[in-house]
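# Analysis of the macromolecular model
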Amino acid sequence: MSAHTPIRRLAERPPMGQVLLVLPAAVIITGGVCLWVVAETPAAGQTLVAWCLGAAAVLLCVTVSFAVYGAQRTRHLRDRLAEMDADVARLADDTLPVLVQRLRDGASADTALAGIPKPADRNQQRILWTLAQEVGKGERMRAAAMSACANAAGRVQALATSMLADLRAMEDRHSEEVLGDLLKLDHSTAQAGRLADSIAVLTGARSGRRWTKPIVMESILRGAVGRISAYQRVRVHSASTVAVAGYAAEGVMHALAELMDNATSFSPPSEEVHVYVEDVSAGVVITVEDCGLVMSAAALSRAQKAVSAEPLDLTTLSGTRLGLAVVGCLARKHGLTVSFRPSSRGGTGVVVMIPQQLVTQVARSPRMDAPRAARVPAARPARPVAAAPAETSTDDDLYGLPKRRRGQTLAAASPASPPPSPPPPTAKTERPHSDPGARFSAFRQASRGGGPTTPPADDTR
Amino acid sequence: MTSWRVDSENPDRLYTVTGGRSRADENSLDVVSLIVSECEPTPGMQSEHVRILRMCHRPTAVVEISAELGLPVSVVRILLCDLLDTGRITARHPPSAPAKAQLPDLEILKQVLVGLQKL
C-alpha cells in the first residue's frame, strides 16, 4: 500500500506540464502568423491590423492554454476517481471481511486493525477504525451475554438437579397424602430443568448432567416424557431393550422431550401423541407422531433446516420457539438424524435416528436382584468376600454388615470367611514384656559362646 | 445423601412410572399383602411390571416389592393395582390378627416382664 503514496502525490500535483509546452508553442505560432500577416498588409492599415491580430493571438493563446489545462485536469480527475473506486472496492471485498472475521474470532479492535493492510486514504482509515470499534463492541456484548446466560442456565440446572434428587428422597419418605403434591412439584421442576438445559444448549454450555452408565430405552423415553407439560397425552410403544450410552443419554432425552413438547403443543388437547421405537441395523429409530395440523411444505422445510447439519445461526431464533433450534444443536452434537414428514395420523411425524455408536445392548439378567447390584456405586471397590455366596456380595459391602435375605438364616448370610482379623490380643499384650527379655537372653547367649538356650522369661526382670 | 442419589439415580420420574397418578384406585392392598404372579411378563410391558411378575413367583409382600424396586410403597401399590385389574397377579391378604380373647392376659404379661427384669 505504501507504493501508492508517491503515485498519489504525483497525481495530486496540478498537471501544468502540457500547458507549459502548449502556451509557448501557441505564442510562437500565433506570433509568427501575426508577423507574417502584418508584413504582408499594406502600410496604411498596418497598425490597426497589428493591434487586432495581436489581440486575437493573445485571446487564442489563452483559450488554447485553458482548453489544454481543462482536458488535462479532467483526465487527471477521472484517473483519481477510478483509483478511489478500486480502493473502496478493495476495502469492501478484502479488508472488511478479514477485519470482521478477526473480530469475530475474538481479537480486540486494535489487534484486528494492526493485522490488516492499512488503506492510504484517511477517510477509509477512519471508516475502518469506527467499524472495528463497533463490531468489536458488538462481539464483546454478544460474548458477555452468552456467557451470562450460560452461567445462569448452569446454576439453574444444578439447582433443578439437586431439587429433583431431594424431591425423590421426599417421595420415598412421605406417605401417600403428600405424594401427589410432591409429584406435581417434581414435574414442574423437571420442566424448569429442561428450560435451563435448552438455554445451556443454545449458549454452548454443557448439557445438564452426565449419566455414568448406559440408560435403557424405556428410561430414556420416560425421562423425555417427564420433562414436558402434557406428558399424560404421550403414548409410548416400545419393546426395545437397547440402551443409550451415558454421555449421550441426556442429549437424546432432551431432544426427544423438545420434539414431544412440539407434538403435544401443536395438536389438539384431546388427541394423543404416539411414540414408536424400532431397532434397526443402523441404530434406533424413534418416531413421534401427532394428530395436529399438517405442516405446510414451507414450514416443513423450515423445520428441517432448523435441525439440519448447519451450525446454529442465532439470528434465526425467535423469542418463543427455541425447541427446534435446541434439537438441531443436540442432533449436531450427538450425530442424531432428525427428519419431518406428514404423519399417517393426519398430523406431523418426526423421525429421530440414534446412530449405532450411541447404542449399547444391556445384558438383562433374569435374576430379579440384578438391579440391586447395579445400584452399588461403581467407584466403591468391591471388597473380596472369598467364600460368601455371590448374592450377598453386593449389598453387604455397602455397610459391612451381614444382611439376611428371605429364606436364609443369619449364619448363612454372614460372610463365611471374616475379614482378616488382627492377631489375637494376647500375643499383642505379652509382646512388650517378652520381647526385651528375649533379646537380652540372645545377647547373653552370644557372649557366652552359644550355650544351651535358657528360658528368657523371668530372670531378666 | 444428595450426592449419592444424584450419581445413582435413574432418569425416570415417579409420575412417569405411574402415569401421573399418585393414589391407588383400590385400597385393599395392605403393605403386608402377599402378591403372587399369575402369568409371565410379555414383551412391551412396563419394566416395573416385568420385575414384579418375575419377583412374585413366590408370594412376596408389598413392602418387599417396594424395597426391591426402590420405589415408594404408594407407587408400588398403584403398579400392583394395574396388574390386579388385568388379572396378572393375585393378592392374598394376611390372616387378620388373632382375636383379643385369645391373647394372654395383660396381668400375666406384666408379671412375666417383671420376672424377666429380676433375672
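Residues numbered from 1 in each chain as written. Chains lettered and ligands numbered in written order. Predicted model: local features only at pLDDT ≥ 70, side-chain atom pairs only at ≥ 80, totals over all residues.

## Focus: the overall build of chain A
Here is the rule: Put simply, DSSP marks the helices as runs of H or I at least four residues long and the strands as runs of E at least two long, and each gets a number from the N terminus on. A residue is called partly exposed when the number of other C-beta atoms within 10 Å of its own lies between 12 and 20, exposed at 12 or fewer, and buried at 20 or more, with C-beta atoms placed from the backbone. Residue pairs qualify as contacts under a 7 Å threshold applied to their C-beta atoms, which are placed from the backbone.
When its secondary structure is counted, chain A shows 14 helices and eight strands. A burial count over chain A gives 25% of its 461 residues as buried. Long-range contacts, defined here as pairs at least 24 residues apart, represent 66% of the contacts in chain A between residues at least 6 apart.

## Comments concerning the overall build of chain B
From N to C terminus, chain B includes six helices and three strands. Seen in sequence order, chain B has helices and strands lined up from the N terminus as α-α-β-α-β-α-α-β-α. Looking at chain B residue by residue over its 119 residues, the buried ones come to 30%.

## A word on the sheet that holds strand S1 (residues 215-216) of chain A
Put simply, the test is: Pairing between two strands is assigned when DSSP locates at least 2 bridges connecting them.
In space, the three strands of this open sheet follow the order S1-S3-S8 (chain A), with antiparallel pairing throughout. Of all the strands in the sheet, just S1 and strand S8 (359-361) of chain A have a single pairing partner and so form its edges.

## A short note on the interface of chain A and chain B
For clarity, the cut-off: Nonpolar residues are Ala, Val, Leu, Ile, Met, Phe, Trp, Tyr, Cys and Pro. Charged residues are Asp, Glu, Lys and Arg, and all others, Gly as well, are polar.
Every contact between the two is made by 30 residues of chain A and, on the other side, 27 residues of chain B. Those elements that place two or more of their residues in the side of chain A that touches chain B are helix H5 (122-173), helix H6 (176-202) and helix H7 (217-225) of chain A. No other element matches H5(A), which puts eight residues into the side of chain A that touches chain B. In terms of residue class, the side of chain A that touches chain B is built from twelve nonpolar, nine polar and nine charged.

## Thoughts on helix H5 (residues 73-85) of chain B
Note the threshold: To estimate the expected span of a helix, count its residues, drop one, and scale the result by 1.5 Å.
Between its first and last C-alpha atoms H5(B) spans 18 Å; for 13 residues at 1.5 Å apiece the expected length is 18 Å, and the two agree. Counting buried residues in H5(B) gives eleven out of 13 residues, a clear majority hidden from the surface. Along H5(B), the positions that sit buried rather than exposed are Val73(B), Ser74(B), Val75(B), Val76(B), Arg77(B), Ile78(B), Leu79(B), Leu80(B), Cys81(B), Leu83(B) and Leu84(B). Its buried side turned inward, H5(B) meets H6 of chain A together with helix H2 (14-18), strand S1 (34-37), helix H3 (47-55), helix H4 (62-69) and strand S3 (89-92) of chain B.

## Observations regarding the nonpolar core
Residues and elements named next belong to chain A. Threshold: Any nonpolar core is a set of buried residues, restricted to Ala, Val, Leu, Ile, Met, Phe, Trp, Tyr and Cys, that join up through C-beta atoms within 7 Å.
By size, the foremost hydrophobic cluster in this structure holds 82 residues, and its most contacted members are Val 244, Leu 256 and Met 260. With ten residues, helix H8 (residues 246-265) is the single largest residue contributor to this core. Those residues in contact with Val 244 that lie beyond four places of it in its chain are Pro 214, Ile 215, Ile 220, Ala 249, Val 252, Ile 354, Leu 358 and Val 359. In terms of nonpolar packing, the next biggest core, distinct from the first, is built from seven residues, Leu 99, Leu 103, Leu 128 and Ala 132 among them.

## Things to note about the confidence of the model for chain A
Low-pLDDT stretches of the model should not have their predicted coordinates read in fine detail. Residues and elements named next belong to chain A. What counts, and what does not: The predictor attaches a confidence to each residue, called pLDDT, with possible values from 0 through 100.
Averaged over all residues, the pLDDT of chain A is 77; the fraction at 70 or higher stands at 74%. A low-confidence stretch, residues 413-435 stays under pLDDT 50, and its non-local contacts, those more than four residues away or across chains, total 16 contacts. Every residue in residues 450-461 is under pLDDT 50, and counting partners more than four places away or in other chains gives twelve contacts.

## Describing the sheet that holds S1(B)
Residue and element names in this part refer to chain B. The three strands lie next to each other as S2-S1-S3, forming an open sheet whose pairing is antiparallel. Each end of this open sheet is capped by a strand with a single partner; those strands are strand S2 (60-61) and S3. Here S1 pairs with S3 via four bridges, running antiparallel. Along S3, the bridge assignment pairs Ile 35 with Ala 91.

## Details of the environment of Leu259(A)
Residues and elements named next belong to chain A. Of note, Leu 259 is situated in helix H8. A sequence separation of 68 residues divides Leu 259 from Val 327, and the C-alpha atoms of the two residues are 7.6 Å apart. Once residues lying within four places of it in the same chain are set aside, the contact partners of Leu 259 are Val 288, Val 327, Val 350 and Val 352.

## Remarks on the pairing of S1(B)
Residue and element names in this part refer to chain B. Of the two faces of S1, only the one carrying Ile 35 and Ser 37 is buried; Leu 34 and Val 36 on the other face are not. Pairing analysis gives two bridges linking S1 to S2, with the strands arranged antiparallel. Bridge pairing in S2 places Ile 35 opposite Thr 60.

## Quick look at the packing of H3(B) against H4(B)
Residues and elements named next belong to chain B. Here is the rule we go by: Between the N-to-C directions of two axes lies an angle of 0 to 180 degrees, each axis being a line fitted to C-alpha atoms and, for a helix, fitted only over the stretch in contact. Every angle not falling under 35 degrees, over 145, or within 65 to 115 is termed oblique; those three ranges are roughly parallel, roughly antiparallel and roughly perpendicular. Crossing handedness: left-handed means the near helix sits turned counterclockwise from the far one by under a right angle, and right-handed means the same turn made clockwise.
At a closest axis distance of 11 Å, the pairing of H3 and H4 adopts a crossing angle of 125°. With respect to H4, the element H3 is oriented oblique. Crossing handedness for the pair H3 and H4: right-handed. In this structure, H3 contributes Glu 48, Arg 51, Ile 52 and Met 55 to the contact, and H4 contributes Ile 65, Glu 68 and Leu 69. Of the residues contributing to the contact of H3 with H4, the split by class is four nonpolar, no polar and three charged.

## Observations concerning the packing of H8(A) against helix H10 (residues 323-334) of chain A
Residues and elements named next belong to chain A. Put simply, H8 and H10 touch, their axes get as near as 9 Å, and they point 150° apart. It follows from the interaxial angle that H8 and H10 lie roughly antiparallel. The hand of the H8/H10 crossing is left-handed. Between H8 and H10, the contacting residues are Ala 248, Gly 251, Val 252, His 254, Ala 255, Glu 258, Leu 259, Asp 261 and Asn 262 on the first element and Gly 323, Val 326, Val 327, Leu 330, Ala 331, Lys 333 and His 334 on the second.

## Remarks on the environment of Val37(A)
All names here are of chain A. If you trace the backbone, Val 37 turns up in helix H2 (residues 17-40). Residue class for Val 37 comes out partly exposed when judged on the 15 C-beta atoms lying within 10 Å of it. Each C-alpha atom of the pair Val 37 and Leu 53 lies 8.5 Å from the other, and the pair is 16 residues apart in sequence.

## Observations concerning the confidence of the model for chain B
Residue and element names in this part refer to chain B. Looking at chain B as a whole, its pLDDT mean stands at 82, while 86% of the residues score no less than 70. Looking over chain B, one finds the lowest element-wise mean pLDDT in helix H1 (residues 2-8), namely 48, and the highest in helix H6 (residues 106-118), namely 92. A low-confidence stretch, residues 1-6 (pLDDT under 50), is modelled with nine contacts involving residues beyond four sequence positions or located in other chains.

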